[in-house]
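Given next are the chains, with one letter for each unit.
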Amino acid sequence: MKGFSHFMSGVAVASFGPWAIEAAQQGNPIFFILGGACGILPDTIDFKFYRFFYEHDVYITPDPLNPDPQYVANEFARAVALAVDEKRYVRVKLVSVRLGADFWQQYSVKIDNEKLEVQVKFGPVVNTGQVPVKGTENRYPTVATAKLKAKVIQTYDAALKVDIFDGPTIGFKPMDNGDLDLEFLPWHREWSHSLTVGAILGVLLGAVAWWASGWTMAWQVFVTIAACYGVHVVEDQLGHMGSNIFYPLTKNRTPGLHWMHSGDGLPNFLAVWISCLFIFWNLYRGVPKPTYHFSFIHLMMVGLVIPGLIFWGLRKLLTLGQNVQMKKGDDADDEWNESKAAG
Amino acid sequence: MSVFWIALFATLAGTVIASLLACLPGLHIYNVMGALVLAIIALVDTQWAIAPEIYLPMMAAMIVGWSMVNTIPAVLLGTPDESAMFTVLPGQKYLMDGRGFEGTMITAVGGLAGAFFLILVVAPFAPRYLPVSQEVLKGHMHWVLWIIITFMLMSEWPKGGNRGPAGWAKFYDAWKTLLAGLATFFLAGLLGFIILTRSPVSHEVAFQNIMPAFVGLFAIPWCLLNIISAADMPKQTVTKSLAVNGDIILRSVWSGSLGGGLAAYFPIVTGGVGGMLAGHATAQRDERIFIMGQGVSKFIYFVGSFILMFVPGLHLTRGGGAWMAKTLYTPSGISDYYLILGSIAVASAVAYLLMEPLTKLTLKFISRYNYRHVSSVALAIIILMVWGITGWIGVFIMAVGTGIGLLPVLFGSRRLNCLGILLFPIACNMSGFGETITGWLGLT
């Protein structure tokens, strides 16, 4: 899911603690801040800290003055050969090509397992908004290829696209049958996306709270942090990529339920909106002598079901007879490219 | 003349005046309304006293006209205010692609769609549901601000650290932009504490208290950037169709109304913040939906916050327009609500119709002159405006704001961090420790 969905889910989970509402009514926002911050924290750890310390075996760094697709293809093939020959996990960095303050040379890397080769093509120059600069689309028509020593199995079909800011990391993991498993962003959703890490963080900050304010505050902080951090891991499990749920007890990501892609509009919006409704309900329960009375079902009908049905009906009506193609993404690709684009 | 005709003429006059003024870069309609309010107050108890049936529709129409038409300077002249900030980047992409007219008009369609949504969907239900939400949320506004601040600061993407071996050097390179973002937020917050606690601006122009800082933080850095880096403007084409359909409009209303609604309802949450949150919440991939959604968001933010004051059973004062109107008039019944809704409907239609000729006129102007010169003229107008309204002290505040506003430009961090000027001091005040901080700063 996207960062804001995780963030709001964290705030919603925090709102279930009566202590959070009570503190907020006295002007103390700490539990809600903790909720939101811990909701988004696993991604913050990965994208803002861990990836800068992640070592790579092969850096593929095209020359901005002379972009050579053959160099990229050859280096990619060399990395594959390294993984096959040395039977070990190989980490490859596809470095972005910056051409100016706001311009980047896009290139794509595609694996063809039928022909056992990698295909590399330099695309248009794009600006930081990922919009191609006119007239640069066909500057490099050559598609360079290089033979691969083993099949590289991707869990999704998309070509690896490199353009703005940072380029992606890929990992080649040797499998028993001699093929290589391609892991996109291997540093992502590794140890940080784990329920145990959330609990440990809760214990650490709970200890600080105990030292500052005593036991009551300590367990409230622990519960808030562990639950809000945990909801991020649980939500990510609804997608494709999954998380390393019980690190260090588990070493690999557990594949997700494949119910959604992390960048899909509707699930993200629903996560945010339902979180808002939960927050509203929990705040309502905390109102000492309410003038207005309503039930949870009433709130859900007025806030979600009826407007949702009207929106759905209107969309159906407006797209009658049209073939609406929804652009599908990939979990890691969505998180990587769309987070970059969102700035 | 009957009240109907008086209100109609006042609405038309307000819309036309605001639409024309909206084409001037850097001028916020609240500045003009502030002067108008001072004039109305001066005329009270004289034979020239102005009746509420004139100034209320006129104020509503001015807000409508400005919130619709201010897309023109934001996109075509590159001088946005904070609420139009998110429209500028995609809008300028259209401009640099020779499609400035299309980009501007798509935003205007968003504004019109926002008007339909406000009047036909929100307005009938507002008297029934908004008082309920107000009762539930009224003690919780402070932490809403805090979580918005937390998200703003935590969600910025590190722009550096893209090459080289792993390690601290790479980490530091990446964090330069994030640290610049944090510095921007807290410096702007510090400026906000000073301006909101002991404003150096004369009390006679108290309505314009924060304006010089806003101009410095948002509009001037854009102008300077345009002057330094402006590329040649490509030939602009005026299309007959905007290639938008009902589905795109519906989805734009969905995302834009969420952002605009949040900004209108929660204090200090501005259009820019609302737009950012809605963009993250709805995850729309279509650029047209994004641009149109920003039009919806901006309209609902400005106009919706003004309407809240007139909602029977609510009477919530949000936004500069409502605060100014409140100094003149206290709304009492359903007739005031209908008067404002009617004025908004008429003004929206007129402002939308004015968009096309005003956009074409502005395009003609910028195609005739070098874009760098246009930006220089815009910059001169902005500085003169600040000097004219707030004097040299205002120019000084603007210069300080510009210094802070240039940080994101120089380091590539988020410009929205400049909103620390309002978010930080007011969140501190609402949580009850603002005075402690102003005490530390020696302001109280």
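The rules behind each value
- Residues numbered from 1 in each chain as written.
- Chains lettered and ligands numbered in written order.
- Predicted model: local features only at pLDDT ≥ 70, side-chain atom pairs only at ≥ 80, totals over all residues.
- Heavy atoms only, no water.
- Helix = DSSP H or I, 4+ residues; strand = E, 2+ residues; numbered from the N terminus.
- Contact = heavy atoms within 4.5 Å.
- Areas by Shrake-Rupley, 256 points an atom, 1.4 Å probe, with all protein chains shown as cover.
- Lys, Arg positive; Asp, Glu negative; His and termini not counted.
- Charge placed at Lys NZ, Arg CZ, Asp CG, Glu CD.
- Salt bridge = Lys/Arg side-chain N within 4 Å of Asp/Glu carboxyl O.
- Buried < 20%, exposed > 50% of the residue type's maximum accessible area, 1.4 Å probe, protein only.
- Expected span 1.5 Å × (residues − 1).
- Bend = angle between axes of the 7 residues up to and from the residue.
- Buried area = accessible area lost by both parts, 1.4 Å probe.
- Polar contact = N/O pair within 3.5 Å; in protein donor to acceptor, adjacent residues only side chain to side chain.
- Disulfide = S-S within 2.5 Å.
- Domains from an automatic or database assignment.
- Pairing = 2+ DSSP bridges.
- Right-handed = clockwise from strand over helix to strand, strands pointing away.
- Axes fitted to C-alpha atoms, helices over the stretch in contact; angles between N-to-C directions.
- Parallel < 35°, antiparallel > 145°, perpendicular 65-115°, else oblique.
- Left-handed = near helix turned anticlockwise from the far one by under 90°.
- Phe/Tyr/Trp six-rings, centres within 6.5 Å; stacked < 30°, edge-to-face > 60°.
- Lys NZ or Arg CZ within 6 Å of the ring centre and 35° of its normal.

**Some remarks on the overall build of chain A**
Then, number 1: If you tally the helices and strands in chain A, you get 9 helices and 10 strands.
Then, number 2: Sequence-distant contacts, at least 24 apart, represent 67% of the contacts inside chain A between residues at least 6 apart.
Then, number 3: In the form shown here, chain A has an accessible surface area of approximately 15800 Å², with 64% of it arising from carbon and sulfur atoms.
Then, number 4: In chain A, the 29 positive side-chain charges and the 32 negative ones have mean positions that sit 3 Å from each other.

**Brief notes about the pattern of salt bridges**
Then, number 1: Under the criterion given, the structure shown has 14 salt bridges over all chains.
Then, number 2: With a closest N to O distance of 2.8 Å, D85 of chain A and K149 of chain A form a salt bridge. In this pair, D85 of chain A sits in helix α4 (residues 69-86) while K149 of chain A sits in the loop between β6 (143-147) and β7 (152-153), placing the two residues 64 residues apart along the sequence.
Then, number 3: Using a relative accessible area of 46% as the deciding quantity, one classes D85 of chain A as partly exposed.
Then, number 4: Across the salt bridge formed by E356 of chain B and K360 of chain B, the nearest N and O atoms sit 2.9 Å from each other. Placement of both E356 of chain B and K360 of chain B in helix α14 (residues 334-368) is noted, with a separation of 4 residues, approximately one turn of the helix.

**Thoughts on helix α3 (residues 30-48) of chain A**
Then, number 1: For α3 of chain A, with 19 residues, the first-to-last C-alpha span of 23 Å runs short of the 27 Å given by 1.5 Å per residue.
Then, number 2: A maximum bend of about 50 degrees is found in α3 of chain A at L41 of chain A, where proline P42 of chain A lies one to four positions downstream.

**Here's the deal with the interface of chain B and chain A**
Then, number 1: Contacts between the two partners involve 54 residues from chain B, matched on the other side by 71 residues from chain A.
Then, number 2: Here chain B meets chain A over a buried area of about 5400 Å², counting both sides, of which 69% is carbon and sulfur.
Then, number 3: For the pair chain B and chain A, the interface holds 1 salt bridge.
Then, number 4: We note a salt bridge from R315 of chain A to D247 of chain B, for which the minimum N-O separation is 2.7 Å.
Then, number 5: Scanning the region where chain B abuts chain A turns up 8 residue pairs in polar contact (both at pLDDT 80 or more).

**Let's talk about helix α16 (residues 420-431) of chain B**
Residue and element names in this part refer to chain B.
Then, number 1: Across its 12 residues, α16 extends 16 Å between first and last C-alpha, which sits within 8% of the 16 Å expected from 1.5 Å per residue.
Then, number 2: Counting buried residues in α16 gives 10 out of 12 residues, a clear majority hidden from the surface.
Then, number 3: Taken together, the buried positions of α16 are G420, I421, L422, L423, F424, P425, I426, A427, C428 and S431.
Then, number 4: Its buried side turned inward, α16 meets α7 (141-154), α8 (168-197), α9 (211-229), α11 (271-282) and α17 (434-440).

**Things to note about the state of the cysteines**
Residue and element names in this part refer to chain B.
Then, number 1: On inspection of all chains with the given rule, the structure shows 0 disulfides over all chains.
Then, number 2: Cysteine C418 remains unbridged, with the sulfur of C223 as its closest cysteine sulfur at 14 Å.
Then, number 3: Accessibility expressed as a relative area gives 0% for C418, which makes it buried.
Then, number 4: For the unlinked cysteine C428, the closest cysteine sulfur is that of C418, found at 18 Å.
Then, number 5: Since its relative accessible area comes to 1%, C428 is described here as buried.

**Some points on the domain arrangement of chain A**
Then, number 1: Partitioning chain A into structural domains gives domain 1 (3-49 + 193-342) and domain 2 (55-184).
Then, number 2: If you average the C-alpha positions of domain 1 of chain A and of domain 2 of chain A, the two centres end up 34 Å apart.

**As for the pairing of strand β2 (residues 90-94) of chain A**
Residues and elements named next belong to chain A.
Then, number 1: The element β2 is largely enclosed, with a buried count of 4 among its 5 residues.
Then, number 2: Looking at chain direction, strand β1 (residues 58-60) and β2 are connected through 3 bridges and run parallel. Each bridged residue has a counterpart across the sheet, and for Y59 the counterpart in β2 is K93.
Then, number 3: Between the parallel pair β1 and β2, the chain is carried across by α4, and the sense of this crossover is right-handed.

**Focus: unusual backbone geometry**
Then, number 1: Cis peptide bonds are those with omega within 30 degrees of zero, and the linkage from Y247 of chain A to P248 of chain A qualifies with 5 degrees.
Then, number 2: Relative to the helices and strands, P248 of chain A is located in the loop between α6 (215-236) and α7 (265-285).
Then, number 3: Although it is not a glycine, L116 of chain A sits at a positive phi angle of roughly 55 degrees.
Then, number 4: With respect to the secondary-structure elements, L116 of chain A resides in the loop between β4 (103-112) and β5 (117-127).
Then, number 5: Within the chain, D45 of chain B stands out as a residue other than glycine whose phi angle is a positive 70 degrees.
Then, number 6: For D45 of chain B, the position within the fold is in the loop between α2 (29-43) and α3 (52-69).
Then, number 7: Given the relative accessible area of 77%, D45 of chain B is considered exposed.

**As for the packing of α7 of chain B against α11 of chain B**
Residue and element names in this part refer to chain B.
Then, number 1: It is at 12 Å that the axes of α7 and α11 come closest, and there the two elements cross at 65 degrees. Overall, the two elements α7 and α11 adopt an arrangement that is roughly perpendicular. For the element pair α7 and α11, the recorded crossing hand is left-handed. Taken together, the residues of α11 that come into contact with α7 (itself represented by I148, F151 and M152) are V273, M276, L277 and H280.

**What to know about the packing of aromatic side chains**
Then, number 1: Under the definition given, this model contains 48 aromatic pairs over all chains.
Then, number 2: Measuring from ring centre to ring centre gives 6.3 Å for F52 of chain A and F171 of chain B, while their planes differ by 65 degrees; the resulting arrangement is edge-to-face. Linking F52 of chain A in the loop between α3 and β1 with F171 of chain B in helix α8, this pair reaches from one chain into another.
Then, number 3: A centroid spacing of 5.5 Å and a plane angle of 65 degrees characterise the contact between W281 of chain A and F296 of chain A, whose relative ring orientation is edge-to-face. Highlighted residues: W281 of chain A in helix α7 and F296 of chain A in helix α8 (residues 296-318), separated in sequence by 15 residues.
Then, number 4: Through a chain of ring-to-ring contacts, three or more aromatic side chains come together here, namely F16, F278, F280, W281, Y284, F294 and F296 of chain A.
Then, number 5: Residue placement shows R91 of chain A over the ring face of Y54 of chain A; its charged tip is 4.1 Å from the ring centre.
Then, number 6: Lying across the ring of W222 of chain B, R415 of chain B places its NZ or CZ 3.9 Å from the centre.

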